[in-house]
Amino acid sequence: MKRAFAFGDGSLDAAVRRVNEVRCVAVIGAGTMGQGIVIDLLRKTDCQIVLIDVSADALARARTAFRSLGERDVKALRLRPEDTAALEARVTCTQEYAALSRADVIWEAATERAEIKAEIFEGIEAAVDPGKLAAVFSNTSSHTTAELAVCFKSEAFREKLLTVHGYFPFEANRLIDVMKGKYASEEVFRLGVVFAEQILEKTVIALPQDIHGYITDPIFQAMAAVISWDVKTGRDIVERGGLWELFTVNPFLVLDQTGHMPYTESSLHFGQALPENNRLRGLYHRAGRHYPAWIESLERDGRTGVNSATRHGFYAWSQDDHPRPVAVWDAEAGEYKPMEGICRKDYRSYYEAREMDRAAGKIKSVEGLIHVACADDAGGRAFRRYALPICLYALDLIQDGVATPGQINASTRAGLRFKVGLIELIDALIERLTLQGLLELVRRSHHENADDPLWVEMLDVDGSIGPRKGRPCLLHEMKHRNLARLLGYGSCYGTPVAELDWQTQTYRPSFLDLTFHEPSSKDRVATILFHNPLRGNVFNRAVIDQLSYAFARVLALHRQGRCGAVMFCAGGSGMRMLGADAREFNRGWFDRQHGYAPLSEEEAADSSRKAVQLFRLIQRSPVATLGVFGEKWGGGAEFTYFLDLRYDVRALGFVFDSLERRAVWGQKCTYNQPELDYAILPGFGAAGELKRLGLGDSVAFELFDQGMTADRAFQVGLSNGIFDDELEALRRGYERARTMAKDAPYSRALFKRELARGADDEALARETGETFNPRRNPFIRTGLLALLDRGHRPPPMDYSCVDVHLPGWEYPHENALTEEGRADAAGSGANARPRKT
């Protein structure tokens, strides 16, 4: 959204207010990341933007990039020509630091070189009044906030500095880090988190304490560094780097697209600044070097990737508009050689893993990774040599209290686009091999690499040598505590929904695709925000698991009297909500050449059944529910039909006039059900729910055949409120939920049962009598006092349902609910306590 909302959290009020006052953002650095930040700000805010760079050529390239982006948006019918002209007009490109005086937020995204950052910060301090500034962000990849804050002489600037770091490509990568450090104020830290999460619509890893490179960068950096010392030929880059293609992508391909400078500068800084107990520190200080000589020679020759003059880097890239790697650097030969496939004989386990996935209809699965991890071929040895030290490093972060299991898993899944998060992999290895078996796997690699002192230290699990001397690996502590997993998993599809709190040994929610806002004691309104706008907030298996777990928390809070209503909404501009994830309609990767591999009847039926069971639980619960959404498609629209109330934000854009055969700008349909066009059914219950809501057949056909605007939906009674402004829709929606939360639980449960049952006069009379029986309905005492004694202030209602049987409702699997409400709505999967070995 273009403006922030506090969702009833009083601690965010000041930060939300200040974020909504931001009118101008200055970005320093017109390189790859600087351009990405500007593009994101143009798309997601109405702010004026100042782009500063010392190079006129860099600013010219940035202008060209912004213009090209606008032309593509016009061609794709996302924007009108006048819209793109207005976007371009919001950007001021300059070499003068004096332009910073206009900014409310300054975002440094230049080099990793400390001396240059110091010069930039000196320029900021000379040009800007700190009293006007909301915050200063640095996009550094390796420095801590404290290291950069001391570049400012004034304490007023130091307390406003955060490191806020995105990932390539910034405008298309959902992860962002916000790190506080020891100088920034709590108020500025909250502002940074709100700005990143709500305005930039990112998945935020909020780090109160400094850590070099946050969580994600040291992992990505190590993915390349751990291989780089073994590279002699081009085949090494392809085959050894190919290990990471089982997780995500070869890191050398990514580095060629970002440019090598962030990698080499970070390696230099890591070698100098990583703490003594960092397991991976030796990767950046080996034989007197911070990175291998062959990488230094490429950098010295200007071969730094696809954006270099020759389009050469680790790979030679094609010279067309859509560059692709056509050759790979062979350091031994000193030339680029044609790219060849990975040797099937030596790395057969890679191919076996891919065939396992193809047969099972999976993509880069954990089963395939475990197969490679245990293999006796070059692929298995590569996994154990390169992946296991990074797994151990992740465990160190948890052991040292630097990061949580959920943060590490989210960082690798969202930022590095792992199909299987790093902590998911560790949990799966423990499940398959046991804790002792995983320790033996690491020791096997230790033996395989016994001739290399660096690897001996990185693979130490017993605390006997190297940076972790005296601190045995977390796996030993897990054995001692009799714990067998670091994440909790959903009951429907077994995807992550919770993380282990190492101190309390209980699970707490940890969501990648949702944000859960706890209810305040005053309002008693929880908010569940679908938060993956880059994918249109689709309903996939992971979202079903997370929504099930989140609503279990709502039910636990309701039972305790702490929550009476839940507001559902969607993150992202337009608050768009797509339906079932079409990618999951195919078994494995969709390949145009081979056609699709559809789900079986049983698989498709199971997908419908699990979603509708969850939606029905939400619908029939005694909790009041309200949805605030914009454009909705398929299952996203169907989900809202199960809610008590629906508030809609009008959507504007290009609409295709099928009679005139042209696109015209106007109000888009807010409710869209295109399933019949694609030869499938609305599998999340649309037909039955629209009938239940009182829409006649002709109105239902209208919705399915052409969609329905917010105004039309309000006219036919499908929508309960329509708005032009997203923030106003949230404000009004939250207020309506707050008033709904005041309903007495017993009465609301009875009322919902009556709605589901239909007319039954005798049952109505009997149930009306029941409500006046305080043994059945203990809320009647307070309710009648409020009704009858209006001259005095009645006592507040105790909404707790712990000892109350609500009519027509049973809290699911109450034995799984803990005092903290960490439970699974379906009764299995992520239970309140970690599974024992």
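Please refer to the structure higher up on the page.
The structure reproduced in this document is the subject of the present report. Residue indices begin from 1 for each chain and proceed along its sequence in written order. Only residues with pLDDT of at least 70 are given local features in this predicted model, and only at 80 or more are side-chain atom pairs given and counted; all residues enter the totals for whole chains, interfaces and linings. For side-chain calculations, the full set of non-hydrogen atoms in the structure is used, while hydrogens and water are omitted.

**Considering the overall build of the protein**
Note the cut-off: Strands here mean DSSP runs of E at least two residues long; helices mean DSSP runs of H or I at least four residues long; both are numbered from the N terminus. Both definitions apply: the radius of gyration is a C-alpha atom measure, and the globule rule equals 2.2 Å times residues to the power 0.38. Any residue under 20% of the maximum accessible area for its type is buried, any over 50% is exposed, and the rest in between are partly exposed; the area is computed with a 1.4 Å probe on protein chains only.
Along the backbone of the protein there are 30 helices and 24 strands. Relative to the compact-globule value of 28 Å for 837 residues, the protein shows a C-alpha radius of gyration of 28 Å, a close match. Each principal axis of the C-alpha atoms in the protein carries an extent, and together these give about 90 × 60 × 60 Å. Buried residues in the protein amount to 56% of all 837 residues.

**Some thoughts on the sheet that holds strand 12 (residues 487-489)**
Counted only if it meets this: What makes two strands pair is DSSP finding at least two bridges between them. Orientation is described by axes fitted as lines to C-alpha atoms, over the contacting stretch for helices, and by angles from 0 to 180 degrees between their N-to-C directions.
Read across the sheet, 3 strands follow the order 12-13-14 without closing on themselves; strand pairing throughout is antiparallel. If you trace the sheet from one side to the other, it starts and ends with strand 12 and strand 14 (506-509), each paired once. For this sheet the average axis-to-axis angle between neighbouring strands, irrespective of direction, equals 40 degrees. Bridge count between strand 13 (residues 496-501) and strand 14: 4 bridges; the pairing is antiparallel.

**Overview of the sheet that holds strand 18 (residues 624-629)**
The strand order across the open sheet built from 6 strands is 15-16-17-18-20-24, with neighbouring strands paired in mixed fashion. Strand pairing shows two members of the sheet lacking a second neighbour, strand 15 (514-517) and strand 24 (721-723), which therefore form its edges. Neighbour-to-neighbour, the strand axes of the sheet open up by a mean angle of 15 degrees, direction not taken into account. Pairing of strand 18 with strand 20 (residues 645-649), which is carried by 4 bridges, proceeds in the parallel orientation. Note on strand 20: the bridge partner recorded for L626 is L645.

**Considerations on the pattern of salt bridges**
Note the cut-off: One speaks of a salt bridge when a side-chain nitrogen belonging to Lys or Arg is within 4 Å of a carboxyl oxygen belonging to Asp or Glu.
Under the defined criterion, the tally for this structure stands at 61 salt bridges. Note that D73 and R78 form a salt bridge whose closest N and O atoms lie 2.8 Å from each other. The salt bridge involving R481 is made with E477; its shortest N-O contact spans 3.2 Å. Placement of both R481 and E477 in helix 20 (residues 474-481) is noted, with a separation of 4 residues, approximately one turn of the helix.

**Notes on the packing of helix 9 (residues 216-228) against helix 16 (residues 378-399)**
Basically, it comes down to this: Angles below 35 degrees are treated as roughly parallel, those above 145 as roughly antiparallel, those between 65 and 115 as roughly perpendicular, and all remaining angles as oblique. Handedness of a helix crossing follows the sense of rotation of the near helix relative to the far helix, less than a right angle counterclockwise being left-handed and clockwise being right-handed. Contacts are assigned to residue pairs that have any heavy atoms within 4.5 Å of one another. Under the convention adopted here, Pro, Cys and the residues Ala, Val, Leu, Ile, Met, Phe, Trp and Tyr are nonpolar, Asp, Glu, Lys and Arg are charged, and Gly plus all remaining residues are polar.
Relative to each other, helix 9 and helix 16 sit at 150 degrees, their axes nearing to 9 Å. Between helix 9 and helix 16, the crossing angle belongs to the class labelled roughly antiparallel. Both helix 9 and helix 16 take part in a crossing whose hand is right-handed. Judged by residue contacts, P218, I219, A222, M223, V226 and I227 of helix 9 engage R385, Y386, I390 and Y393 from helix 16. By residue class, the composition of the contact of helix 9 with helix 16 is 9 nonpolar, no polar and 1 charged.

**Here we look at unusual backbone geometry**
Note: most peptide bonds trans; most residues except glycine with negative phi. P169 follows F168 through a cis peptide bond whose omega is -15 degrees. Look at K364: it is not a glycine, yet its phi comes out positive at around 45 degrees. Within the secondary structure, K364 sits in the loop between helix 14 (348-360) and helix 15 (366-373). Under the relative-accessibility criterion, K364 is labelled partly exposed at 22%. Non-glycine residue R524 carries a positive phi angle of around 60 degrees. With respect to the helices and strands, the residue R524 is situated in the loop between strand 15 and strand 16 (525-530).

**Quick word on the nonpolar core**
To keep things clear, this is the line we draw: What is meant by a nonpolar core is a set of buried Ala, Val, Leu, Ile, Met, Phe, Trp, Tyr and Cys residues, joined one to another through side-chain atoms within 4.5 Å.
Residues L283, L547 and F568 are the most contacted members of the largest nonpolar core, which totals 153 residues. Tallying contributions element by element places helix 16 first for this core, with 14 residues. Discounting residues that sit within four places of it in the chain, F568 has contacts with I528, F530, L547, F551, I618, T625, L626, G627, V628, F629, F639 and L643. If you look at the next biggest cluster of nonpolar residues, it comprises 48 residues, including L42, L162, V193 and I199.

**Points about the state of the cysteines**
A covalent bond between the sulfur atoms of two cysteines is what we call a disulfide. Filter applied, for reference: Criterion for a disulfide: a pair of cysteine sulfur atoms at a distance within 2.5 Å.
Counted under the stated rule, the structure contains 0 disulfides. Of all cysteine sulfurs, the one in C801 lies closest to C563, which takes part in no disulfide; the gap is 11 Å.

**Details of the packing of helix 9 against helix 11 (residues 251-258)**
Viewed as axis vectors pointing N to C, helix 9 and helix 11 meet at an angle of 115 degrees, and their least axial separation amounts to 9 Å. The pairing of helix 9 with helix 11 is recorded here as roughly perpendicular in orientation. Once helix 9 is placed against helix 11, the crossing between them reads as left-handed. On helix 11, the residues that touch F220, M223, A224, I227 and S228 of helix 9 are P251, F252, V254 and L255. Class assignment for the residues of the contact of helix 9 with helix 11 results in 8 nonpolar, 1 polar and no charged.

**Quick word on helix 25 (residues 697-706)**
Of all the residues in helix 25, the buried ones are V699, A700, E702, L703 and F704. For helix 25, the secondary structure elements touched by its buried residues are helix 23 (635-641), strand 23 (671-672), helix 24 (686-692) and helix 26 (710-715). G707 sits one or two residues past helix 25 and shows a positive phi near 80 degrees.

**Regarding the packing of aromatic side chains**
We count it as follows: For this analysis, a ring pair means two rings from Phe, Tyr or Trp (six-membered ring only for Trp) whose centres lie within 6.5 Å, classed as stacked if their planes differ by under 30 degrees, edge-to-face if by over 60, and tilted for the remaining angles. Whether a charge sits over a ring depends on NZ of Lys or CZ of Arg being within 6 Å of the ring centre and within 35 degrees of the ring normal.
Across all of its chains, the model carries 32 aromatic pairs by this definition. Ring geometry for W294 and F314: centres 5.6 Å apart, planes at 65 degrees, overall edge-to-face. Taken as a pair, W294 in helix 13 (residues 293-300) and F314 in the loop between helix 13 and strand 9 (315-317) lie far apart in primary sequence, 20 residues in all. Here F314 falls in the buried class, since its relative accessible area comes to 0%. Across the ring face of F170, the terminal group of K202 is positioned such that the distance to the ring centre comes to 4.4 Å.

**What to know about the pairing of strand 15**
By the alternation rule, side chains of strand 15 split into L514 and F516 and T515 and H517, which are all buried. Sheet topology places strand 15 next to strand 16; 4 bridges connect them, and they run antiparallel. Opposite L514, over in strand 16, you have F530 as the bridge partner.

**Side note on a nonpolar patch on the surface**
Cut-off, in case you're wondering: Each patch is built from residues that are more than 30% exposed by relative accessible area and take part in no salt bridge. Like charges join if they lie within 9 Å; nonpolar side chains (Val, Leu, Ile, Met, Phe, Trp, Tyr) join within 5 Å. For the accessible areas, the method is Shrake-Rupley and the probe is 1.4 Å, while residue cover comes only from the protein chains on display.
A contiguous nonpolar surface patch, about 330 Å² in accessible area, is contributed by F585, Y678 and I680. Mapping Y678 onto the fold places it in the loop between strand 23 and helix 24. Judged by relative accessible area, which is 62%, Y678 ranks as exposed.

**Topic: helix 20**
Formally: By arc we mean the arc of the directions from the helix axis to the C-beta atoms, nothing more.
The complete set of buried residues in helix 20 reads L474, L475 and M478. Buried residues of helix 20, viewed axially, fall in a sector of 105 degrees; they line one side. Buried positions along helix 20 lie against helix 16 and helix 18 (422-448). Positive phi appears at N482, one or two residues downstream of helix 20, with a value of about 65 degrees.

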